[in-house]
Amino acid sequence: ETTGKAVWAEQFAKRAADFGIEGDRVENVLWRLSKGQVDGINPKVVVLMIGTNNTGRDSAEQIADGIKKTVDEYLNRCPRAHLILMSVFPRAFKPNDPARLKVVAINKSLAAIRNDRVDLVDIGPKLTQPDGVISPQMMPDAVHPTAAGYKIWADALAPYLEKYLK
């Protein structure tokens, strides 16, 4: 996707590497980590946003367990890094949609991951209207944010990056 490209370039490109791949699932990230994706680098911060592409076939418990395993892998492979874990973004336009309810269950499980090296950041409420509905102006397909959504995401990351990149 190119929607967030301008926000990335403005906010992060000079001091960050992007390992995100469109369509990635938890198992894809775990495979790349096992094949040495972060070997030889020593990041101060890792931002992880994964899980949404697993929602079509895996249970909330399976996805949360896979995310927890991914967090552990990053912490082991990047011993100096602080990990900023993004809650899975809301899916489906209406808050009572089964896909949205699955995301809620995943994110509830992720709350237990927080520790001195992991912060959980949830921007879901900022991507939805007060009634929980996703506006097409924020996420036209109820999955991918618009540039405004990417700006919300960048703004939410800023205080963490300031804190851990000193």
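**Points about the packing of helix α2 (residues 26-34) against helix α3 (residues 60-77)**
Part 1 of the argument: One can describe the packing of α2 onto α3 by two numbers: an axis separation of 10 Å at closest approach and a directional angle of 20°. What the angle tells us is that α2 and α3 run roughly parallel. Crossing hand, α2 versus α3: left-handed. Taken together, the residues of α3 that come into contact with α2 (itself represented by Val-26, Val-29, Leu-30, Leu-33 and Ser-34) are Gly-66, Ile-67, Lys-69, Thr-70, Glu-73, Tyr-74 and Arg-77.

**Observations regarding the packing of α3 against helix α4 (residues 98-110)**
Part 1 of the argument: α4 packs onto α3 with a crossing angle of 40° between their chain directions and a minimal axis gap of 9 Å. Here α3 is positioned oblique relative to α4, judged by the angle of their axes. For the crossing formed where α3 meets α4, the hand is right-handed. Across the interface between the two elements, Ala-60, Ile-63, Ala-64, Ile-67 and Lys-68 of α3 pack against Lys-102, Ala-105, Ile-106, Ser-109 and Leu-110 of α4.
Part 2 of the argument: Partitioning the contact of α3 with α4 into residue classes produces seven nonpolar, one polar and two charged.

**Side note on the environment of Arg-100**
Part 1 of the argument: Looking at where Arg-100 falls in the secondary structure, it is placed in helix α4.
Part 2 of the argument: For Arg-100, a relative accessible area of 6% corresponds to the buried category.
Part 3 of the argument: The spatial distance from the C-alpha of Arg-100 to the C-alpha of Thr-55 is 9.5 Å, given a sequence separation of 45 residues.

So, how was this worked out
- Residues numbered from 1 in each chain as written.
- Predicted model: local features only at pLDDT ≥ 70, side-chain atom pairs only at ≥ 80, totals over all residues.
- Heavy atoms only, no water.
- Axes fitted to C-alpha atoms, helices over the stretch in contact; angles between N-to-C directions.
- Helix = DSSP H or I, 4+ residues; strand = E, 2+ residues; numbered from the N terminus.
- Parallel < 35°, antiparallel > 145°, perpendicular 65-115°, else oblique.
- Left-handed = near helix turned anticlockwise from the far one by under 90°.
- Contact = heavy atoms within 4.5 Å.
- Nonpolar A, V, L, I, M, F, W, Y, C, P; charged D, E, K, R; others polar.
- Buried < 20%, exposed > 50% of the residue type's maximum accessible area, 1.4 Å probe, protein only.

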